[in-house]
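Take a look at the letters that make up each chain.
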Amino acid sequence: MPQEITTLLTFFGGTGDLAKRKLYPSVYNLYKKGFLQEHFAIVGTSRADLTNAEFHDMVRESINHVVEDEDDAKHFISHFRYLKLDVNNKDGYQELLKLNNELDAQYELKGNRIFYMSVAPRFFGTIASFLDSEELVTKNGEFNRLMIEKPFGVSYETALELNNQLTKVFDEDQIFRIDHYLGKEMVQNISSIRFGNPIFDATWNKDYIENVQVTLSEVLGVEERAGYYDDAGALRDMIQNHTMQIVAWLAMEKPASFTDKDIRAAKNVAFNSLHIYKGAEVGANFVRGQYGENIDGTQVKYLDEDGVPENSQNDTFVAGRLQFRSSRWDGVPFYIRTGKRLKSKQTRVDVVFKKGLSIFGNDIELDNPVLSILIDPKGSIEFRINAKDTTSEFKTRTDIMKWEVSYLDMERTPEPYERMIQDAMNGDGSNFADWNGVSISWKFVDAIQKAWDTEVAEFPNYVSGTMGPKASDDLLAEDGNHWIYR
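What you see is a predicted model; the values in this text were computed from it and never measured.

Scoring rules and cut-offs
Residues numbered from 1 in each chain as written. Predicted model: local features only at pLDDT ≥ 70, side-chain atom pairs only at ≥ 80, totals over all residues. Heavy atoms only, no water. UniProt positions renumbered as here; feature names shortened; annotations may be inferred. Helix = DSSP H or I, 4+ residues; strand = E, 2+ residues; numbered from the N terminus. Contact = heavy atoms within 4.5 Å. Patch = residues over 30% accessible without salt bridge, like charges linked within 9 Å, V, L, I, M, F, W, Y side chains within 5 Å. Areas by Shrake-Rupley, 256 points an atom, 1.4 Å probe, with all protein chains shown as cover. Salt bridge = Lys/Arg side-chain N within 4 Å of Asp/Glu carboxyl O. Buried < 20%, exposed > 50% of the residue type's maximum accessible area, 1.4 Å probe, protein only. Domains from an automatic or database assignment. Buried area = accessible area lost by both parts, 1.4 Å probe. Pairing = 2+ DSSP bridges. Axes fitted to C-alpha atoms, helices over the stretch in contact; angles between N-to-C directions.

Break down the UniProt feature "binding site: substrate" (unreviewed entry) in the chain for me, citing the residues and quoting the values.
UniProt marks His 180, Lys 184, Glu 218, Asp 237, Lys 340 and Lys 345 with the feature "binding site: substrate" (unreviewed entry), using the numbering shown here. Within the secondary structure, Lys 340 sits in the loop between strand 11 (334–339) and strand 12 (346–353). Residues contacting Lys 340, with those up to four places away along its chain left out, are Glu 218, Leu 220, Gly 221, Val 222, Arg 225, Tyr 229, Tyr 291, Thr 316 and Tyr 462. Not counting chain neighbours up to four residues away, the residues in contact with Lys 345 comprise Ser 217, Val 219, Asp 376 and Pro 377.

So what's going on with a nonpolar patch on the surface? Which residues, and what values?
A cluster of nonpolar side chains, namely Ile 359, Phe 360 and Phe 394, defines an oily patch on the protein surface of about 340 Å² accessible area. Assessed through its relative accessible area of 74%, Ile 359 is described here as exposed.

Provide a residue-level description of the domain arrangement of the chain, including the pertinent values.
Annotation of the chain at the domain level lists domain 1 (7–149) and domain 2 (182–478). The C-alpha centroid of domain 2 is placed 35 Å from the C-alpha centroid of domain 1. The partner domain 2 presents 13 residues to the 18 residues of domain 1 that form the contact. Between domain 1 and domain 2, the buried area comes to about 1200 Å², and carbon and sulfur atoms account for 69% of it. Seen at the junction of domain 1 and domain 2, the total is one salt bridge.

Give a description of the pairing of strand 4 (residues 113–117) that names residues and reports values.
Most of strand 4 is tucked away: five of the five residues are buried. Of the two faces of strand 4, both are covered, the one formed by Arg 113, Phe 115 and Met 117 as well as the one formed by Ile 114 and Tyr 116.

Go over the sheet that holds strand 2 (residues 40–46) with me, naming the residues and quoting the values.
Within the open sheet, the six strands sit side by side as 3-2-1-4-5-6. Their pairing is parallel. With one partner strand each, in any of the chains shown, strand 3 (80–84) and strand 6 (175–177) form the two edges of the open sheet. Across this sheet, the average inter-strand angle for adjacent strands is 20 degrees, counted without regard to direction. When strand 5 (residues 144–148) meets strand 6, the two strands line up parallel, connected through three bridges. Bridging across to strand 6, Met 147 finds its partner in Phe 176.

Outline the sheet that holds strand 10 (residues 317–322), listing residues and values.
Strand-to-strand pairing in sheets goes through backbone hydrogen bonds, with the strands running parallel or antiparallel. Pairing in this open sheet of eight strands is mixed, and the strands run 8-10-11-7-12-13-14-15 from one edge to the other. Each edge of the sheet is formed by a strand with only one pairing partner; in this case those strands are strand 8 (286–289) and strand 15 (396–404). Averaged over neighbouring strand pairs, the angle between their axes works out to 10 degrees when direction is ignored. Bridge analysis of strand 14 (residues 380–388) against strand 15 gives nine bridges, and the strand direction is antiparallel. In the sheet register, Asn 386 faces strand 15, and the bridge partner there is Thr 398. With respect to the sheet, helix 7 (residues 185–195) is in contact with strand 12, strand 13 (370–376), strand 14 and strand 15, its orientation differing from that of strand 13 by roughly 150 degrees.

Structure, rendered in structure tokens:
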């Protein structure tokens, strides 16, 4: 049996869409697997008027698709309590304290508490302050931890202000900043592929790698998120967090050990060597785009989406070149791109190795070996190598060695939120963003946004259903390279 985790988990925003779609099913899966048994309790809070019975019904409906045994589900839900709470009202926290202490005694929780903020970021600092002043942060427990949903600020200045508010109450190793991409199975596979195979471990540097590419492409448009998205754009919505966190796994140094402390230290060596662009450097290294109609006109352009200002300069596509000033990566471009209304949904990493010297004669040119890690929509690993063509004369061709996640593996793979909640319960910060990485990512993105804010772009500049504007391809062509996925 798995080792039982003893904890009280409080969800602020406990009746929200995320809680119902992801959080409660994830906690139930941990219960089914035995990580939660008897010594746990879950508290949901929100401003909604709900009884405990109504809250239980809501939780039962949210886990319906993963329930295998009705009695088991009933026992699980019996550990849930609901409290109506205005997070801005100090008095409500005393009621929460009373409930927490009662649950701690009933389930012998040892003062272990995790506070999960699934609320608007403007409430993060307020909640943390009241958790401290109203003594919900225990002094006698083994741990107190804080889990935070993105976005962590909307700029470096706002992120710094938020971080200062949180660190008045919680230490850095108690703060778990969630990026659900880091919970994806194939993102976590990057470390095992890279460090678990000498062929890659020994060649993961500028001597053998020509460039690294990270693609996060979406088929959907802005949908009903124009209110948020027109302020954030692809740069702040996808590059600052998801993309940069994936890049960190690719660019990091080899950690001294596979512990969260050493992993974060190794990532920060890479983050600290990232060149932050200034002025004209932005235009030389980054491309932005905004989608137009598709070829047959059945999809509207971004400017015609509901809620989008008619003269919006918002970016729905970003491609760029990252440069790390380190002995490992100096001179190796890291290309990144993300966008909406693109050709297909793809989250992937393509590591392009340098061509070998051909000993087969001047008329035979070898291709670049490419290691591709496909993250979404279905996980797989592909290694494109040079091999002999099956002809009477000696020629070479490209062959692909491929492994794909099986349906059995997919059934057994924890969902990202399940994995992240379990990691936080175990105190493992390996797959969470730390402040140094977050701050540098914001400084990098802010510099790009500042340059773009001084210019007026000619939008739209790419057709829906393609892989973005031509300038994205030109960016790589300047270096004699091309996107592996086209």
